[in-house]
Amino acid sequence: MSNFVFQGASALSLDAKGRLSVPARHRDVLAAMAGGQLTITKHPEGCLMVFPRPAWEAFRDKIAALPMSASGWKRIFLGNAMDVEIDSASRVLISPELRAAAGLSKDVMLLGMGSHFELWDAARYTAHEAEVMQQGMPDVLKDFTF
């Protein structure tokens, strides 16, 4: 189960209390691999990272082992991490602090990124994607075959 890969984008809405409905296609896997336990933290690019708890623990251990020179990043990742769980209605509460940090309004995008998800404000993600496309392909992708 730990090698499950999350992928794909889901356009979702936060409710008035800042709760997100977990898409049906991810629910069973999250229940099986993490018992519905998730951890959410800040991402340096202005979105949030949403980890199933086992994937978070692996990431957290890597971050905790970083040298003192990375203490600022440790603070961003670990200091802002919030443990949450999927409720009986398949929703997850995104704290006001994390919603503010990622500029989340009502419309959001949940992107499967392999071991975890990214949660973006929909408008911010559209702008981010356009910016990435404009930059052209990085060298590491130049020899990549599609």
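Preceding this section is the structure that the text describes.
A quick note: this is a predicted structure, and the numbers were derived from the prediction, not measured. (Residues numbered from 1 in each chain as written. Predicted model: local features only at pLDDT ≥ 70, side-chain atom pairs only at ≥ 80, totals over all residues. Heavy atoms only, no water.)

Visitor: What is the right way to look at the overall build of the protein chain in this model?
Guide: Within the protein chain one finds 6 helices and 8 strands. In the protein chain, the succession of α and β elements from N to C terminus is β-β-α-β-β-α-α-β-β-α-β-β-α-α. Here the C-alpha atoms of the protein chain give a radius of gyration of 16 Å, agreeing with the 15 Å that 2.2 N^0.38 yields for 146 residues. The principal-axis extents of the C-alpha atoms in the protein chain amount to approximately 45 × 35 × 30 Å. Burial statistics for the protein chain: of 146 residues in total, 39% are counted as buried. Carbon and sulfur atoms make up 56% of the accessible area of the protein chain, which totals about 8600 Å². One finds the centroid of the 15 positive side-chain charges in the protein chain at a distance of 5 Å from the centroid of its 16 negative side-chain charges. (Helix = DSSP H or I, 4+ residues; strand = E, 2+ residues; numbered from the N terminus. Rg over C-alpha atoms; globule rule 2.2 N^0.38 Å. Buried < 20%, exposed > 50% of the residue type's maximum accessible area, 1.4 Å probe, protein only. Areas by Shrake-Rupley, 256 points an atom, 1.4 Å probe, with all protein chains shown as cover. Lys, Arg positive; Asp, Glu negative; His and termini not counted. Charge placed at Lys NZ, Arg CZ, Asp CG, Glu CD.)

Visitor: Would you explain the pattern of salt bridges in this entry?
Guide: Oppositely charged side chains can form a pair if their charged atoms are brought close together. A full pass over the atoms with the stated rule returns 5 salt bridges. Residue aspartate 87 pairs with arginine 91 through a salt bridge whose shortest N-O separation is 3.1 Å. One salt bridge in this structure joins lysine 142 and aspartate 139, with 3.1 Å as the shortest N-O distance. Placement of both lysine 142 and aspartate 139 in helix H6 (residues 139–142) is noted, with a separation of 3 residues, approximately one turn of the helix. The class of lysine 142 is exposed, set by a relative accessible area of 52%. For aspartate 139, a relative accessible area of 63% gives the class exposed. (Salt bridge = Lys/Arg side-chain N within 4 Å of Asp/Glu carboxyl O.)

Visitor: Explanation requested: the packing of aromatic side chains in the structure shown.
Guide: Each aromatic ring pair is specified by the distance between its two centres and by the angle formed by the two planes. In total, this model carries 7 aromatic pairs according to the counting rule given. A connected cluster of aromatic rings, assembled from ring pairs, spans Phe51, Trp56, Phe59, Trp73 and Phe77. (Phe/Tyr/Trp six-rings, centres within 6.5 Å; stacked < 30°, edge-to-face > 60°.)

Visitor: Which parts of the structure should I look at to understand a nonpolar patch on the surface?
Guide: A grouping of Met137, Val140, Leu141 and Phe144 is seen on the molecular surface, where their side chains present a nonpolar patch of about 400 Å² in accessible area. Residue position: methionine 137 is located in the loop between helix H5 (122–134) and H6. (Patch = residues over 30% accessible without salt bridge, like charges linked within 9 Å, V, L, I, M, F, W, Y side chains within 5 Å.)

Visitor: Honestly, the side chain of threonine 41 in this entry has me stumped. Any pointers?
Guide: As for its position among the elements, threonine 41 is in strand E3 (residues 37–42). By relative accessible area, which is 0% here, threonine 41 ends up buried. Here phenylalanine 77 takes part through its backbone oxygen, which lies 2.6 Å from a polar atom of the side chain of threonine 41. Polar side-chain contacts of threonine 41 include one of 3.5 Å to the backbone nitrogen of alanine 81. Residues in contact with threonine 41, not counting those within four places in the same chain, are Leu48, Met49, Phe51, Trp56, Ile76, Phe77, Asn80, Ala81 and Leu98. (Polar contact = N/O pair within 3.5 Å; in protein donor to acceptor, adjacent residues only side chain to side chain. Contact = heavy atoms within 4.5 Å.)

All we've got here are geometric facts, nothing functional implied.
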